[in-house]
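Chain by chain, the residues run as shown.
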Amino acid sequence: SPLLALAYAAPLLSRGDPRQVASVAMVVPICILIGESVAWVSNRLRAVEQVDGLRMQRAEWLVQASVELAHEREEGSLAERIARLTRMLPGANGAVVLLLAPGGVLEVKGSCDWTQPLPDRFTIAESPALLEAIDASEYLDGSRPNCAEFARQLGVPRLGIARLDGSSQCVGLVVLASSSIPVPVDPFTRNLVRTLLVQAGLAVERTRDRDALREATLHDELTKLGNRRKANAQIQSLAPGDSLMMIDLDYFKRVNDEHGHATGDQTLKELAAFFERTLRTGDSAYRLGGEEFLVILRQSGEGAEAAGMRLCGGWRLSD
């Protein structure tokens, strides 16, 4: 605008015509007003384009993050992936993924750039911040008193806690460490973060459902022992010094014939419970079918036969 005004006024001023010089006072402000208006509109359009470009990048990142979450098959590696992804959120300096476990505890399953030492698990009832986060439906920032106290306990300046929701319930939490100054987050980014957390929660639930289904296919429905499929897998892991023991219940057909199949089933359950009580830690029993069982004794060596005799003797004493 100044250059345009100077280009217009310089020739007129050099001629010295009073009428032409007088027009400068009107034309120059108009030129400046028009030029600055065009520049303002151009700058606004450029800023909007930058915001749209940034949002497109973040949307593409969200799609890629969803694909990465879908490819994870194990809970541990999935938690590590969630920690790395949430660490990339605005203002986050470190991330920890806590997944719900039986007994009202949250287990530390994954972390990224978290420098302070952490316990293996947190008891929900003993941490007001975690209890509040599980009950809340929104992100808890460092302004909450419970979050501030929890941050002091973990030794970080400031933290926020977000829920990981499955299809029907909370499956865990993400704890984000940040600087002492909160980072402003626009509504688009807030919704993007929420979408990422939902995708992560569904991925955790899907992994757990897959693990439960896979585990169910490896166990005998009646005795809850491992089945033939699981026994075959364990046989592949045998090492020198391990032993295999085949066990068959004598007169089992007579039990079914004289007392009914319900009694036969109960007998098989009692044998499975006997194995659970008697076998050492690391040893395992499997039902191959009917009244046939397989027992794997780890590092039993020459004591395998004596161990088998003790099992038979213990089962006789159980009447």
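Right above here is the structure, for reference.
Thresholds, definitions, all that
- Residues numbered from 1 in each chain as written.
- Predicted model: local features only at pLDDT ≥ 70, side-chain atom pairs only at ≥ 80, totals over all residues.
- Heavy atoms only, no water.
- Pairing = 2+ DSSP bridges.
- Helix = DSSP H or I, 4+ residues; strand = E, 2+ residues; numbered from the N terminus.
- Axes fitted to C-alpha atoms, helices over the stretch in contact; angles between N-to-C directions.
- Contact = heavy atoms within 4.5 Å.
- Parallel < 35°, antiparallel > 145°, perpendicular 65-115°, else oblique.
- Nonpolar A, V, L, I, M, F, W, Y, C, P; charged D, E, K, R; others polar.
- Phe/Tyr/Trp six-rings, centres within 6.5 Å; stacked < 30°, edge-to-face > 60°.
- Salt bridge = Lys/Arg side-chain N within 4 Å of Asp/Glu carboxyl O.
- Buried < 20%, exposed > 50% of the residue type's maximum accessible area, 1.4 Å probe, protein only.
- Polar contact = N/O pair within 3.5 Å; in protein donor to acceptor, adjacent residues only side chain to side chain.
- Core = buried A, V, L, I, M, F, W, Y, C linked by side-chain atoms within 4.5 Å.

Peer 1: Explanation requested: the sheet that holds strand E7 (residues 284-289) in the structure shown.
Peer 2: Strand pairing in a sheet relies on backbone hydrogen bonds, with the paired strands running either antiparallel or parallel. Read from one edge to the other, the open sheet built from three strands follows the order E6-E8-E7, with strand pairing classed as antiparallel. Two strands lie at the open edges of the sheet, namely strand E6 (243-248) and E7, each paired on one side alone. Neighbour-to-neighbour, the strand axes of this sheet turn through a mean angle of 25°, independent of strand direction. The pairing of E7 with strand E8 (residues 292-297) spans five bridges and is classified as antiparallel. Bridge assignment links Ala285 to a residue of E8, and that residue is Val295. Packing of helix H7 (residues 228-235) onto the sheet brings it into contact with E6, E7 and E8, and relative to E7 it is tilted by some 130°. Each of E6, E7 and E8 is contacted by helix H9 (residues 261-278), which is oriented at about 5° to E8, the strand it contacts most.

Peer 1: Explanation requested: the packing of helix H8 (residues 252-259) against H9 in the structure shown.
Peer 2: In helix packing, the relevant descriptors are the interaxial angle and the interaxial distance, both defined with respect to the helix axes. With their axes 6 Å apart at the nearest point, H8 and H9 run at an angle of 140° to one another. Here H8 lies oblique to H9, going by the angle between them. Contact with H8, carried on its side by Phe252, Val255, Asn256 and His259, involves His261, Thr263, Gly264, Thr267 and Leu268 of H9 and no other residues of that element. Here the residues of the contact of H8 with H9 sort into three nonpolar, six polar and no charged.

Peer 1: When you look at the packing of aromatic side chains in this model, what are you seeing that I'm missing?
Peer 2: We describe a pair of aromatic rings using the distance from one ring centre to the other and the angle between the two ring planes. Inspection of the entire model under this criterion finds four aromatic pairs. Chaining the aromatic ring pairs together yields one cluster made of Phe274, Phe275, Phe293 and Trp315.

Peer 1: Would you mind showing me how to read the environment of Ala307 here?
Peer 2: Looking at where Ala307 falls in the secondary structure, it is placed in helix H10 (residues 304-317). Each C-alpha atom of the pair Ala307 and Val171 lies 43 Å from the other, and the pair is 136 residues apart in sequence. For Ala307, the contacting residues outside a window of four places in its chain are Met245 and Leu297.

Peer 1: Got a minute to help me understand the pattern of salt bridges in this structure?
Peer 2: Should their charged atoms come close, side chains of opposite charge can pair. Under the counting rule described, the total for this entry stands at 18 salt bridges. As a salt-bridge pair, Glu72 and Arg81 come within 3.0 Å of each other at their nearest N and O atoms. The exposure class of Arg81 is partly exposed, given its relative accessible area of 23%. The structure contains a network of salt bridges with shared partners spanning Glu75, Glu107, Lys109, Arg121 and Arg208.

Peer 1: What exactly am I supposed to notice about the sheet that holds strand E2 (residues 105-112) here?
Peer 2: The strand order E3-E2-E1-E5-E4 describes an open sheet built from five strands, whose pairing is antiparallel. Sheet topology places strand E3 (121-123) and strand E4 (158-165) at the edges, where each strand pairs with a single neighbour. Strand after strand, the sheet turns through a mean of 30° between neighbouring axes, direction not considered. With seven bridges connecting them, strand E1 (residues 92-101) and strand E5 (residues 170-178) associate as antiparallel partners. Opposite Ala92, over in E5, you have Ser178 as the bridge partner. Packed onto the sheet, helix H3 (residues 75-87) meets E1, E2 and E5 and runs at close to 60° relative to E2.

Peer 1: Sorry, what's going on with the side chain of Glu72 here?
Peer 2: As for its placement among the helices and strands, Glu72 is situated in the loop between helix H2 (18-71) and H3. You can call Glu72 buried: its relative accessible area is 12%. For Glu72, the side chain forms a polar contact with the side chain of Arg81, separated by 3.0 Å. Once you skip the residues sitting within four places of it in the chain, Glu72 turns out to touch Ser77, Leu78, Arg81, Thr207 and Arg210.

Peer 1: Would you explain the nonpolar core in this entry?
Peer 2: The tendency in soluble globular proteins is for nonpolar side chains to be buried side by side. By size, the foremost hydrophobic cluster in this structure holds 27 residues, and its most contacted members are Leu69, Ile82, Val97, Leu164, Val174 and Leu196. Among the secondary structure elements, those contributing two or more residues to this core are H2, H3, E1, E4, E5 and helix H6 (187-216). Not counting residues within four places of it along the chain, the set of residues in contact with Leu164 comprises Val97, Leu99, Gln169, Cys170, Val171, Gly172, Leu173, Val174, Leu197, Ala200 and Gly201.

Peer 1: So what exactly am I meant to see when it comes to the side chain of Ser300 here?
Peer 2: For Ser300, the position within the fold is in the loop between E8 and H10. With residues up to four places along the chain from it excluded, the contact list for Ser300 reads Gly241, Asp242, Ser243 and Arg280.

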